[in-house]
Amino acid sequence: MTAPSDWIEHRRGDGELLGWMCPRGDGFVVIDLLGRERSDAIDWLPAETLLEETGIGYLADAYELRLEDGHWTRVRITEVSAVRIRVKREDWGDMTVPHNEYLLPFPPAGDLRPVQTA
């Protein structure tokens, strides 16, 4: 899947894509670069503001990927597009460990989540 054609791109001043606004009812739902809804239906200007405030910093956070065997492994996002998401196994910068990459469809459904704490 790719981003639906009715999603409206929102880019910051330098052209970097921040996400989309999806028309819903009389408003717009904010969608981040991982395809997650970040708001209920809100007006256009608050939707733009929310995307600007959200930014892209969350892409640098640690995530977990559910593997085929059902286990979760810690990963880092290396590429995001409206077509796919690429992640790599967290290696903590160790250049001596194998480099494991995974390609996920967009949006990644329930197979990718922020690292669970506690």
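These remarks concern the structure in this document. (Residues numbered from 1 in each chain as written. Predicted model: local features only at pLDDT ≥ 70, side-chain atom pairs only at ≥ 80, totals over all residues. Heavy atoms only, no water.)

All right, on to the packing of aromatic side chains then. In total, this model carries 4 aromatic pairs according to the counting rule given. With a centroid separation of 6.2 Å and 80 degrees between ring planes, the pair formed by Trp7 and Phe106 is classed as edge-to-face. Taken together, the residues Trp7 in the segment before β1 (8-11) and Phe106 in the loop between β7 (101-105) and β8 (112-114) connect sequence positions 99 residues apart. Accessibility expressed as a relative area gives 1% for Phe106, which makes it buried. Seen in terms of ring centroids, Phe28 and Trp44 are 5.0 Å apart; in terms of plane orientation they differ by 80 degrees. Their pairing is edge-to-face. Highlighted residues: Phe28 in strand β3 (residues 27-31) and Trp44 in helix α1 (residues 44-54), separated in sequence by 16 residues. The exposure class assigned to Phe28 is buried, which follows from its relative accessible area of 19%. With relative accessibility at 32%, the residue Trp44 sits in the partly exposed group. Following the ring pairs from residue to residue traces out a cluster consisting of Trp7, Trp20 and Phe106. The ring centre of Trp72 lies 3.7 Å from the NZ or CZ of Arg113, which sits over that ring. (Phe/Tyr/Trp six-rings, centres within 6.5 Å; stacked < 30°, edge-to-face > 60°. Helix = DSSP H or I, 4+ residues; strand = E, 2+ residues; numbered from the N terminus. Buried < 20%, exposed > 50% of the residue type's maximum accessible area, 1.4 Å probe, protein only. Lys NZ or Arg CZ within 6 Å of the ring centre and 35° of its normal.)

In this section: the environment of Pro23. With respect to the helices, strands and loops of the structure, Pro23 is situated in strand β2 (residues 17-24). Dropping the residues within four chain positions of it, Pro23 is found in contact with Asp6, Ile8 and Phe28. (Contact = heavy atoms within 4.5 Å.)

Here the focus is the sheet that holds β3. On the basis of which strands lie adjacent, the open sheet formed by 3 strands has the order β1-β2-β3 and antiparallel pairing. Across the chains shown, the open sheet's two edge strands, defined by having one partner strand only, are β1 and β3. Put simply, the sheet's adjacent strands are angled 35 degrees from each other on average, direction ignored. As paired strands, β2 and β3 are joined by 5 bridges and run antiparallel to one another. By the bridge assignment, Pro23 is partnered in β3 with Phe28. Lying over the sheet, α1 contacts β1, β2 and β3, oriented at roughly 150 degrees with respect to β2. (Pairing = 2+ DSSP bridges. Axes fitted to C-alpha atoms, helices over the stretch in contact; angles between N-to-C directions.)

A few words now on the pattern of salt bridges. In this structure the tally under the stated criterion is 12 salt bridges. Between Glu79 and Arg84 there is a salt bridge, and its shortest N-O distance comes to 3.4 Å. By relative accessible area, which is 26% here, Glu79 ends up partly exposed. One salt-bridge network, in which partners are shared between bridges, spans Glu79, Arg84, Arg86 and Glu101. (Salt bridge = Lys/Arg side-chain N within 4 Å of Asp/Glu carboxyl O.)

As paired elements, strand β5 (residues 72-80) and strand β6 (residues 84-89) share 5 bridges and run antiparallel to each other. What sits directly across from Val75, in β6, is Arg89. Remark: 3 residues form the turn of the hairpin made by β5 and β6, two consecutive strands paired antiparallel. With 5 bridges joining them, β6 and β7 adopt antiparallel strand pairing. Residue pairing in the sheet places Ile85 in a bridge with Leu104 of β7.

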